[in-house]
Structures are given as structure tokens and as C-alpha cells.
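Observations on chain architecture
The chain contents come next:
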Amino acid sequence: MKIKQIAKIHGGQDGAIFGDFLFRFNHQGECFVYDLKTVGEDPEKELPQFSSFVLDGVEKLKPHSNSVAFGSEYAEEGDEFPLLYANIYNNHAGMKNPLKGVTLVYRVVRQGTAFTTSLLQMIEIGFAEDVDSWRSYPQIGDVRPYGNFAIDTQNDIYYAFTMRDKSQTTRYFSFKMPKLSDGVYDKEYGIRRVVLNKSDLLGSFDCPYQHYIQGACFYGGYVFSAEGFTDNADNLPAMRVINPESRQEVLFVDLIAMGFAIEPEMVDFHGNMCYYSDFDGNLFAVDFGTDLNL
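Described below are features of the structure shown in this document. (Residues numbered from 1 in each chain as written. Predicted model: local features only at pLDDT ≥ 70, side-chain atom pairs only at ≥ 80, totals over all residues. Heavy atoms only, no water.)

1. Brief notes about the side chain of serine 174
Where we set the bar: Strands are runs of DSSP state E lasting at least two residues, helices are runs of H or I lasting at least four, and both sets are numbered from the N terminus onward. Whether two residues touch is decided by their heavy atoms; if any such pair falls within 4.5 Å, the residues are in contact.
Assignment of secondary structure puts serine 174 in strand S12 (residues 169-176). Non-local contacts of serine 174, meaning those with residues more than four positions away in its chain, are made with Ile157, Tyr158, Tyr159, Asp200, Leu201, Leu202 and Gly203.

Here you go:
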């Protein structure tokens, strides 16, 4: 396995790649767009920014973008990009409704270098307060009971996963991927709302505890999930690869042992190459070699 820096981009949270465009988000709903065809030979060079935009509706619903992904469904025939998904994570923590386990769904439209988005739907885990399923402690206890997600676009499966502190596990849940037409209209937010309940589960399983989940993606039959913080001995930068079919963690990547000490954030694929970026915006290409069958 090899990791090499290829460029510098805007720092922040997770991101997603579609076509040759890399979309990098921060926790305020801002996105910075890059054309991967412009990656050059100098790994320290700032990649030229193609565009930037702010997600629709951040005045009411502001995603932290701890995990971000493009799906397989298109909002309208002829759209260039499929639906974009970004989770709220802990951005509403402390509010009357913390919106745990909520992912927001957007239409993305491009005209030249200008991007606009429309917030169309929200997907919510309906049992995020259930101690037997999502949480491991009642009330206060789990440090991050907000959850991430990843989308298997080939099989239309939505994976949600969350840290469970009492059992020191990460629990994965799988659902049939909601359609844009699913759910009911929510007057408060002016969008369709899908609530995924335990009766909707395709399955669930536990894997080793992830120390503060960061960016995630699905590729080649695996969930790739980054974790950890900068300069935190108890929560070191790492990446885990989970096989939902076998319900096992198949690879643990100790990033700090490989010399990458900054908080990991974004992970996604362009073709068969994995791209990873840290909080500071250093962009890396990851070659898993023979460690994974990709």
C-alpha cells in the first residue's frame, strides 16, 4: 500500500468526486470545486479552484458534511450530476431537535463554472435514540451519536453507521436506498422527509470501534471510513475498510505510522484510484496494492 501527496486543495470536511470534479465541503455548507484533470507534477502546488458555492437552505438545515456522497438517482432527466447527499452530523447538537442521523439530499446544476443547488429531501434514522440499536448509553454518554453514511450506488443500498461507546464498537445498518419520491412533505423545512425505521432494516452488524468518524465512501464492495484527530494520542489518524457482505473489518490503515499525522477528512474514488485529503487540504492518492481486491 502506498500514499503520495499529489496537490493541495481547500481544507475542511468530507468531499465527493463525480466525473473529473472533486467537491470539497466545510462544516458551514460551503463547497469548493476542483477539476482533477488539472493535477500536475508538484504535490505542494495549490490546485486551481474551478468554482465554489453554498448549499441551498443552510439558514435552516446546515450540514456538517462529515460524510458526503453522490448517489445514482438524478433529480431530472438530463442532469449532469446525480443527487448529492451530505449529513448534518453534529451541526444541530444542543438545539431543541439535534437531528441525529440526518442526511440532506440536493440537486446540483452547473452552468459553465457556476453551480447552484436545491435542497429536496432529508433522510432520517428513526431510531437514533434507541439504546438497543443506535445509541449505547441512555441520554448523555455516547460522544458522537450522530452517525455517518455511505452509498452503494450499484446495489442501491444506504449504509448508516455510528460509534457506540459503551460496547466500544461501530454499528453498521443497511437500508434500501430511498428514492427522491419517497417520504412525506415536511412543512417546517419545505422538503420531503424519509424516516428509516427498524422495520426498514436490511441488516446490521458491529465492527471495531472507530475513534471519531470522519469522511466515508463506498467503493468496490467496501465502506472506506477515516477517523481520528491531529495531535491526539487517544484518537490517532487512521482509515478502516469494512466489508458489509462478510460483516468484517478487512483492513486497518495506521495513517500516523505512515507519516500522515493531520486529521483525516475526505475519502473517495476517481476511477480505481482512492483520493484522501486531510483537514489542512493536503490531497493524496492512495494505492492499496494487494491489500484489497479492488
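2. Concerning the pairing of strand S19 (residues 248-254)
Which entries qualify depends on this criterion: The criterion for strand pairing is that DSSP finds at least two bridges linking the strands in question.
The sheet contact formed by strand S18 (residues 238-243) and S19 spans six bridges and is antiparallel. Residue methionine 239 lies in a different strand from S19, and its bridge partner there is valine 253. Where S18 folds back on S19, the antiparallel hairpin that results is connected by four residues, among which arginine 247 adopts a positive phi of roughly 60°.

3. Some words on the pairing of strand S10 (residues 148-152)
As a reminder, the rule being used: Exposure categories follow from relative accessible area, calculated using a 1.4 Å probe and restricted to protein chains: below 20% of the type maximum is buried, above 50% is exposed, and the middle band is partly exposed.
In terms of burial, S10 is a largely internal element, five of the five residues being buried. Of the two faces of S10, the one holding Asn148, Ala150 and Asp152 and the one holding Phe149 and Ile151 are both buried throughout. Alignment of S10 against strand S11 (residues 157-164), held across five bridges, turns out to be antiparallel. Note on S11: the bridge partner recorded for asparagine 148 is phenylalanine 161. In this antiparallel pair of consecutive strands, S10 and S11, the connection spans four residues, and aspartate 156 shows a positive phi of 55°.

4. So, the sheet that holds strand S22 (residues 282-287)
Condition: In this analysis, axes come from line fits to C-alpha atoms, helices being fitted only over the stretch in contact, and the angle between any two N-to-C directions falls in the range 0 to 180 degrees.
The strand order across the open sheet formed by four strands is S1-S22-S21-S20, and the pairing between neighbours is antiparallel. Either end of the sheet is taken by a strand with one partner, and the two such strands are strand S1 (2-8) and strand S20 (264-270). Adjacent strand axes in the sheet meet at a mean angle of 30°, parallel and antiparallel pairs treated alike. Bridge count between strand S21 (residues 273-278) and S22: four bridges; the pairing is antiparallel. Each residue of the ladder has a partner; that of cysteine 274, found in S22, is valine 286.

5. Some remarks on the sheet that holds strand S7 (residues 84-87)
Here we have six strands laid out as an open sheet, ordered S6-S7-S8-S9-S14-S13, and mixed in their pairing. Edge positions in the sheet fall to strand S6 (68-70) and strand S13 (184-186), since each of these pairs with one other strand and no more. In this sheet, adjacent strand axes meet at a mean angle of 35° when their direction is disregarded. In this sheet, strand S9 (residues 114-125) lies alongside strand S8 (residues 102-111) in antiparallel orientation, the contact comprising 10 bridges. Each residue of the ladder has a partner; that of leucine 104, found in S9, is methionine 122.

6. Examining the packing of aromatic side chains
Stated formally: Here the aromatic set is Phe, Tyr and Trp, taking the six-membered ring for Trp, and pairing holds for ring centres within 6.5 Å; pairs whose planes are under 30 degrees apart are stacked, those over 60 apart are edge-to-face, and all others are tilted.
Here the structure, examined in full by the defined rule, presents 32 aromatic pairs. With a centroid separation of 3.9 Å and 10° between ring planes, the pair formed by tyrosine 219 and phenylalanine 269 is classed as stacked. Note that tyrosine 219 is positioned in strand S16 (residues 213-219) and phenylalanine 269 in strand S20, a separation of 50 residues in sequence. Taking relative accessible area as the criterion, tyrosine 219 reaches 24% and is therefore assigned partly exposed. Look at phenylalanine 269 and you get buried, because its relative accessible area is 7%. Centroid distance phenylalanine 260 to phenylalanine 284: 5.0 Å. Interplanar angle 75°. Geometry classified as edge-to-face.

Honestly, it's all geometry; don't read function into it.
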